[in-house]
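What the coordinates show
For reference, the chains in residue letters:
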Amino acid sequence: MYWACILITCIQLTYCKVLVPPTTVLDWWQNSIVYEIFPLSFKDSNGDGSGDFKGITEKLDYIVDLGVTAIWITPFFESPLESGGYDITNYLDVQHVFGTLDDFKDLLNTAHSKNLKVIMDFVPNHTSDKHIWFEKSAKNETDYADYYIWKDAKNQEDVIKNNATPIVPNNWQMIFGGSAWTWHNTRKQFYFAQFVKNLPDLNFRNKNVHKEMKNVLNYWIKLGIDGIRVDALKHVYESESLEDEPVVDENMALNYFNLDHIYTIDQDEVYDLIKEWRLLLDDFKQSDHHTRIIMTESYSNTSILFKYYTSGAEIPTNFNLLEEYHHTPNDYEREIENWITKMPVGATFNSVLQNHDHTRFPTFYGTELIDGMNALSLFLPGVSIVYYGGEIGMEDTSDKINYARSPMQWDDTKNAGFTNSTHEPWVAIHPDYVTRNVQTENKNPKSYLNFFKSISKLRQTETFKRGGLAIDILNNNTVFVLTRFLHGHENYTLMINMDTNYTQRVRLSDQVSNLHDILTIVIGSENSNFNSGNSISTTEWLNLSPGATIVLTDNLISTSSSIPVDDTTTKSTPSSSTQLYITSRIVLLCLFLITIFNL
Ligand SMILES: [Ca+2]
Ligand SMILES: [Ca+2]
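Per an unreviewed UniProt entry, the protein chain goes by alpha-glucosidase and derives from Aphis gossypii. We quote the UniProt Sequence similarities (unreviewed entry) comment for the protein chain here in full: "Belongs to the glycosyl hydrolase 13 family." UniProt, in its Catalytic activity (unreviewed entry) section for the protein chain, records the words "Hydrolysis of terminal, non-reducing (1->4)-linked alpha-D-glucose residues with release of alpha-D-glucose."

This is how it looks when you write it as C-alpha cells:
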C-alpha cells in the first residue's frame, strides 16, 4: 500500500498535480539545521588555548544568525581527552577544560532563551579505561565485575599455572589496529575493546549497565538537554558466541577491515536498546509535550538504519552523502532517492555532508564548490546536519588526527580570534584564516558566510518546511538541479555546476519543462556572476562557470517587481505560483511529508 501511494503521488506530480499542503504543525526538529560543535575548537574564553562552554555561550548569537535550530556538542564529559572526549571517566560531570557544570547550565539556559536547542553526545559503547567502573571491574569487585566484557585466555589454565603467554579468545580486531582483546594483569583475563584498548566496551548484557545509562540520560534530560546523539551505536552489542568472524581475504593480513563483522556490529539487540531510550525520553514528553530527539551514529546500511527509525530514533544519521563516497550529481541523486523513497512511513529525511571524522568538503572538492555544497546541504528536506566552520568554507589542516577539527576562524588577528592565549592553541589553526574568517566574510555580501545565511533563511518558508523535492541532472552529469516546491507557494530551484574545470552552458527551457519564462535570482555564488534580485529568461543560454551555484525562484512579485524585464526576450506564462518545475527525467519526487502524513 505504501509503495502504491508513493507511485500514485509521483505520477500525480509528474503531471503537475500537487500535494495538498498538510496542516499539521511540524515538530521543532523536523526542518532543523543542526550545527555540530567540537567544543575544544570553537571559542576559548579564558586564554588557555582550548575552547570551552563560555566561548560557545559568547557565540550563540552568531549561531542563531546562521538560522540554526539546534547545536550538537561533541562529548564534554569528564575525560582525560585521549580520544577526543569520547573517552569518558564520569558521565555525570563535565571535563573542566570546558568549564564547570554551572558554565554548561548557563550555556544551556542562554541557548534556550534564544530558542536554540541543545543536543548532547551520548557515548554508551565504551568508557575510558580510567573510569572508576573499569577500575573496579578490573579488580573483579562484585557489583562491577560484569560491567565490561571479560574472557579467559584460550589457554587460561596454562597462563595461571605456568605463566604462559595468554592466547586471545577469538580473531576479533580493533578498528584502530590489533586484537580486540587486551590482557589485564590484575584480573588475569582479557577485556574487549572495539576501537582502541584505552576504550573498553561496556557489557550491555548486564542489566546494571542499562540502569547506569538510563541514569545518565535522566540526569542530563532533567538538566534540560533537548536530545542525544548516540555515538557508535552499531558497535554496542557483540554476539555472545565468541566465534571467529569470517576472514574476507585469506591472502591478506588479519586486521579489522579484513573481517566480515557478523558478530561485532549491527546485532539485533540494538533495536530494543533504542526503544528503551525512546520510552525514557517520552516519559519526559508526557509532562511537558517537548520532544527530546534521538540522533544516531551508525555507518550501517539503510535497511538497518530504517529499523532505527521504527525503533524510535528521529534522526538515524544519513552518512551516504559524505564527500568521500560521492563525486557526481548522479551519485547524490541515487543516494537521496534511495533514502527518501524507501524510508519508513512517518520518517523524516536527514543529511550530513561533513563532520569531525571526515575531510571537510572544500578540501575534497576544491574551493569552487564551497557555496554549492553548502547550498546542497541546506536545500535538502528534513534535518540538515552542518559542521562548525562549514559556513565560512573552512578546510582541513595538515594535522594527521585532528585535520577537520582545527579552531574556528573568527577574525584575522593572531590565532584567528579563537583564543587570546600567548601560547599556541591546542591544535594548529589553518593558515587561510587571514582571509577566511567570520569577521571578514560578514562584510562581504558575496562571501561563503552570507551565501550560507541567504539559503538558510529560505528554510523558514513554507516551501522549505513542507514542500517536495525534485531533482534533475543536466549536461552529462555535471549540473545538479534541485527544486523545492509546494502547492500555493513559491518554488525554489538550486543549480550547481559540479564541474570545477569547465563552464557549462544551460538553457533551461530546453531541458526543464513547465518553468516560468522569467525567474528571479535569489542568490548566486561569487564565482557565478549572477546577482541577487536580477531576472533571467529560461530561454536564454546561461553560462555556469566552474563550481557556480545559483538559486532561482518564481516568486516574481515579492523579489523582482522592480526589475525591468525586456519584453522582446520574454513572454508571460499563465502559470500560477503553484506551478511546479517538472523536469524531463525526474526520478525523485520526494517528500518526507508524504510519509509523515501517511499519504
Ligand atoms: Ca579555554
Ligand atoms: Ca560494544
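Here we take up the overall build of the protein chain. Secondary structure summary: the protein chain contains 18 helices and 24 strands in total. The buried share among the 599 residues of the protein chain stands at 49%. The long-range fraction of contacts in the protein chain, counting pairs at least 24 apart against all pairs at least 6 apart in sequence, stands at 68%.

Residues at a pLDDT of 70 or more form 88% of the protein chain, whose mean pLDDT is 89. Confidence drops under pLDDT 50 across residues 557-599; counting only partners more than four residues distant or on other chains, this segment forms 104 contacts.

The subject of this paragraph is the packing of helix α12 (residues 370-379) against helix α14 (residues 448-458). At a minimum axis distance of 10 Å, the contact between α12 and α14 shows a crossing angle of 20°. Overall, the two elements α12 and α14 adopt an arrangement that is roughly parallel. For α12 against α14, the interelement crossing comes out right-handed. Contacts from I370, D371, N374, A375, L378 and F379 of α12 reach α14 at Y448, F451, F452, I455 and S456.

Let us look at the pairing of strand β15 (residues 479-485). By the criterion of burial, β15 is predominantly enclosed, with 7 of the 7 residues buried. With burial as the criterion, each face of β15 is covered, one bearing V479, V481, T483 and F485 and the other bearing F480, L482 and R484. Two elements, strand β14 (residues 468-474) and β15, share 7 bridges in a ladder whose sense is antiparallel. Note that in β15 the partner of I473 across the bridge is F480. If you look at the hairpin formed by β14 and β15, you'll find 4 residues sitting between the two strands, and N475 has a positive phi there, around 50°. The pairing of β15 with strand β16 (residues 492-497) spans 6 bridges and is antiparallel. Residue R484 lies in a different strand from β16, and its bridge partner there is Y492.

What follows is about α12. Most of α12 is tucked away, with 10 of its 10 residues classed as buried. Residues of α12 that are buried: I370, D371, G372, M373, N374, A375, L376, S377, L378 and F379.

Here the focus is the sheet that holds strand β10 (residues 293-296). Strand order in this open sheet of 8 strands is β11-β10-β9-β5-β2-β1-β13-β12, and the pairing throughout is parallel. Since the sheet does not close on itself, it has two edges, and those belong to β11 (315-316) and β12 (350-352), each with one partner. The pairing of β10 with β11 spans 2 bridges and is classified as parallel. Within the sheet, the bridge partner assigned to T296 lies in β11 and is P316.

Below, the discussion takes up the sheet that holds strand β6 (residues 150-151). Taken together, the 3 strands give an open sheet; going across it, the order is β6-β8-β7, and neighbouring strands pair in antiparallel fashion. Every other strand in the sheet has two partners, leaving β6 and β7 (181-184) as the edge strands with one partner each. Sheet topology places β6 next to strand β8 (residues 189-192); 2 bridges connect them, and they run antiparallel. Of the residues in β8, the one forming a bridge with K151 is F190.

Most often, soluble globular proteins keep nonpolar side chains buried together rather than apart. Among the nonpolar cores identified, the biggest contains 131 residues, and I71 and I119 are the most heavily contacted of them. Beyond its immediate chain neighbours, meaning those up to four positions away, I71 contacts Y35, I37, I63, A111, L116, V118 and I119. Counting 18 residues, the second-largest nonpolar core is a separate cluster that includes F134, Y148, A153 and L199.

What follows concerns unusual backbone geometry. Peptide bonds are, in most cases, trans, and in most cases residues other than glycine have a negative phi. The backbone of N415 sits at a positive phi, close to 60°, despite the residue not being glycine. In this fold, N415 is placed in the loop between β13 (383-387) and α13 (438-443). The phi dihedral of N476 is positive, around 55°, even though this residue is not glycine. Residue N476 is classed as exposed on the basis of its C-beta count, with 10 C-beta atoms lying within 10 Å.

Looking at where L26 falls in the secondary structure, it is placed in the loop between α1 (2-14) and β1 (33-37). Not counting chain neighbours up to four residues away, the residues in contact with L26 comprise N31 and K465.

Helix-helix packing is described using two parameters, namely the angle between the two axes and the distance between the axes. At a minimum axis separation of 9 Å, helix α8 (residues 269-288) and helix α9 (residues 302-311) run at an interaxial angle of 30°. By the criterion of interaxial angle, the relationship of α8 to α9 is roughly parallel. Where α8 crosses over α9, the handedness of that crossing is right-handed. Of the residues in α9, those in contact with Y271, I274 and K275 of α8 are K307, Y308 and S311. For the contact of α8 with α9, the per-class residue count stands at 3 nonpolar, 1 polar and 2 charged.

Procedures and definitions
- Residues numbered from 1 in each chain as written.
- Chains lettered and ligands numbered in written order.
- Predicted model: local features only at pLDDT ≥ 70, side-chain atom pairs only at ≥ 80, totals over all residues.
- UniProt positions renumbered as here; feature names shortened; annotations may be inferred.
- Helix = DSSP H or I, 4+ residues; strand = E, 2+ residues; numbered from the N terminus.
- Buried ≥ 20, exposed ≤ 12 C-beta atoms within 10 Å, placed from the backbone.
- Contact = placed C-beta atoms within 7 Å.
- pLDDT = per-residue confidence, 0-100.
- Axes fitted to C-alpha atoms, helices over the stretch in contact; angles between N-to-C directions.
- Parallel < 35°, antiparallel > 145°, perpendicular 65-115°, else oblique.
- Left-handed = near helix turned anticlockwise from the far one by under 90°.
- Pairing = 2+ DSSP bridges.
- Core = buried A, V, L, I, M, F, W, Y, C linked by C-beta atoms within 7 Å.
- Nonpolar A, V, L, I, M, F, W, Y, C, P; charged D, E, K, R; others polar.

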